[in-house]
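# Reading the structure
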Amino acid sequence: MTHPLLDLAPLTAARFASIEDRVARLLDTRQDVVIMQGEALLPLEGAIRAAAGPGTTALNVITGPYGQTFGNWLRDCGATVHDLAVPFRTAVTAEQIRTALARHPEIDFVSLVHAEAATGNTNPVAAIGEVVREHGALFYLDAVASVGAEPVLPDAWGVDLCVIGAQKAMGGPAGVSAVSVSERAWARMAANPNAPRRSYLSLLDWKERWTDAGRTALLHAPAQLEMLALEACVERIEAEGLPTVMSRHASAAAATRAGALALGGGLEPYVREAADAAPVATTLRAPAGLAASDLVARALEREPGLPLAAGGGALAEEMIRVNHYGPDATPAAVRASLAGLGAALAERGARSVDPRAAREAADAAWR
């Protein structure tokens, strides 16, 4: 039997390179872009292990769980790590970064998550990039959740290692990811004797055997279906226009926040200031005495397709995530999520729940 996902012609090196070029245009970057054949954790870990080692002193910014993971990887590489942790309900500021760098002038590597979909905050990367550039440190950025929902500009912001994934705001596959690499970052990797080589984690293998070799022969068989899906999702963004895609996400965030405040029942935004809230997902604090995981479960029982999730780990009892990204960055998805949460709150005995007011506030906030 035949199937549209089977018996495909091999993905050529030329087509692979053309997809990399389109991703580079999406990021408005002249840096080398390498598409890695795995979920975004692959380049996130690979970039740290390539650029950091026993001689590295890192400032690791923690605004959510991924920042904690990066600190663990850096320590495992032998780097000296100074963590800058801020409450998950807010964002880090450029001044906090400046103060930390002044306190430890030996810092030569800064790691940061742009938008934390897990906690719903976003960090001011443009301003932070200026501070890091003045200091001279290498700047590593996780933009997996933010790309497609808000601007991601490695060149303009002075980002040396910028990792993206397609599975959130881009509305694409999870099985491939990409990293833009500055000349400074390549030089740091080349000078690091501990950088992975002859390894699936190795960025230097891709540079030497793919990028520097003219992109004519792939290192190994590519993840063909995922690469075609990535190409399709970039085409869709190009057709709609990146500003329009980002505007939809910003509208979804504004509408969800306004609707949750109007819904009542004790529900409130987890990220206190709207300016610190990520457009990719909105996090909400469950009312006192009610578990977020229970409210989400009840909402999903009524409508299983809602883009709702409870927070991870210890946050499962207090945090609700409305994942209004990709195909769910729409008025219909926001309205349905608010309606589902309203029904769950009412079922659990919450008072003053007003689904109509929530819908009206969400519609009014949609830009």
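Read on for an overview of the structure. (Residues numbered from 1 in each chain as written. Predicted model: local features only at pLDDT ≥ 70, side-chain atom pairs only at ≥ 80, totals over all residues. Heavy atoms only, no water.)

## Here's the deal with the sheet that holds strand S12 (residues 308–310)
- Strand order in this open sheet of 4 strands is S10-S11-S13-S12, and the pairing throughout is antiparallel. The open sheet is flanked by strand S10 (268–269) and S12, the only strands paired with a single partner.
- Looking at chain direction, strand S11 (residues 282–285) and strand S13 (residues 319–322) are connected through 4 bridges and run antiparallel. Counted as the bridge partner of Arg285 is Met319 from S13.
- Lying over the sheet, helix H11 (residues 292–302) contacts S12 and S13, oriented at roughly 155° with respect to S12.
- With respect to the sheet, helix H12 (residues 331–347) is in contact with S11, S12 and S13, its orientation differing from that of S13 by roughly 155°. (Pairing = 2+ DSSP bridges. Helix = DSSP H or I, 4+ residues; strand = E, 2+ residues; numbered from the N terminus. Contact = heavy atoms within 4.5 Å. Axes fitted to C-alpha atoms, helices over the stretch in contact; angles between N-to-C directions.)

## Points about empty space enclosed by the protein
- What the rule picks out here adds up to 1 cavity of 30 Å³ or more.
- Along the walls of the largest cavity sit Val23, Ile164, Gly165, Ala166, Met170, Val176, Ser177, Ala178 and Leu230, which together make up its complete lining.
- Contributing elements (two or more residues each) for the lining of the largest cavity: strand S8 (161–165) and strand S9 (177–181).
- Residue composition of the lining of the largest cavity, grouped by class: 7 nonpolar, 2 polar and no charged. (1 Å grid on protein atoms, 1.4 Å probe; cavity = no way out; pocket = protein on both sides within 12 Å on 5 of 7 lines; lining within 4 Å. Points joined across faces, edges and corners; volume = space filled by probe spheres on them. Nonpolar A, V, L, I, M, F, W, Y, C, P; charged D, E, K, R; others polar.)

## A few points about the pattern of salt bridges
- Under the counting rule described, the total for this entry stands at 24 salt bridges.
- Notably, a salt bridge pairs Asp21 with Arg215, separated by 3.0 Å at the nearest N-O pair. Of the two residues, Asp21 is situated in helix H1 (residues 13–26) and Arg215 in the loop between helix H8 (203–211) and helix H9 (224–240); the sequence distance between them amounts to 194 residues.
- Here Asp21 falls in the partly exposed class, since its relative accessible area comes to 31%.
- Residue Arg215 is classed as partly exposed on the basis of its relative accessible area, which comes to 25%. (Salt bridge = Lys/Arg side-chain N within 4 Å of Asp/Glu carboxyl O. Buried < 20%, exposed > 50% of the residue type's maximum accessible area, 1.4 Å probe, protein only.)

## Remarks on the nonpolar core
- The biggest cluster of nonpolar side chains holds 83 residues, and the ones touching the most others in it are Ile97, Leu161 and Leu230.
- It is H1 that contributes the most residues to this core, 7 residues altogether.
- Once you skip the residues sitting within four places of it in the chain, Leu161 turns out to touch Ala47, Ala51, Leu138, Phe139, Tyr140, Leu141, Val179, Ser180, Val181, Ala185 and Met189.
- Grouped together as the second largest cluster of nonpolar side chains are 26 residues, Ala252, Ala260, Leu341 and Leu345 included. (Core = buried A, V, L, I, M, F, W, Y, C linked by side-chain atoms within 4.5 Å.)

## Some points on the layout of surface pockets
- The computed volume of the largest pocket comes to approximately 220 Å³.
- Lining the largest pocket are 13 residues, with Ala253, Ala254, Ala274, Ala277 and Arg367 positioned closest to its centre.
- It is helix H10 (residues 242–263) that provides the largest number of residues to the lining of the largest pocket, a total of 4 residues.
- Considered class by class, the residues forming the lining of the largest pocket number 8 nonpolar, 2 polar and 3 charged.

## A word on unusual backbone geometry
- Not every positive phi belongs to a glycine, and Asp7 is a case in point at roughly 60°.
- For Asp7, the position within the fold is in the segment before H1.

## A look at the pairing of strand S4 (residues 109–113)
- Counting buried residues in S4 gives 5 out of 5 residues, a clear majority hidden from the surface.
- Side chains Phe109, Ser111 and Val113 project from S4 onto one buried face, and the interleaved Val110 and Leu112 project onto a second face that is buried too.
- The pairing of S4 with strand S7 (residues 138–142) spans 5 bridges and is parallel. Residue pairing across strands places Leu112 opposite Leu141, the latter belonging to S7.

## Overview of the packing of aromatic side chains
- Tallied over the full model, the rule gives 6 aromatic pairs.
- Each member of the aromatic cluster is reached from another via a ring pair, and the members are Phe70, Trp73, Phe109 and Tyr140. (Phe/Tyr/Trp six-rings, centres within 6.5 Å; stacked < 30°, edge-to-face > 60°.)

## Brief notes about H10
- Compared with the 32 Å implied by 1.5 Å per residue over 22 residues, the 31 Å span of H10 between its first and last C-alpha is a close match.
- Positive phi appears at Gly264, one or two residues downstream of H10, with a value of about 80°. (Expected span 1.5 Å × (residues − 1).)

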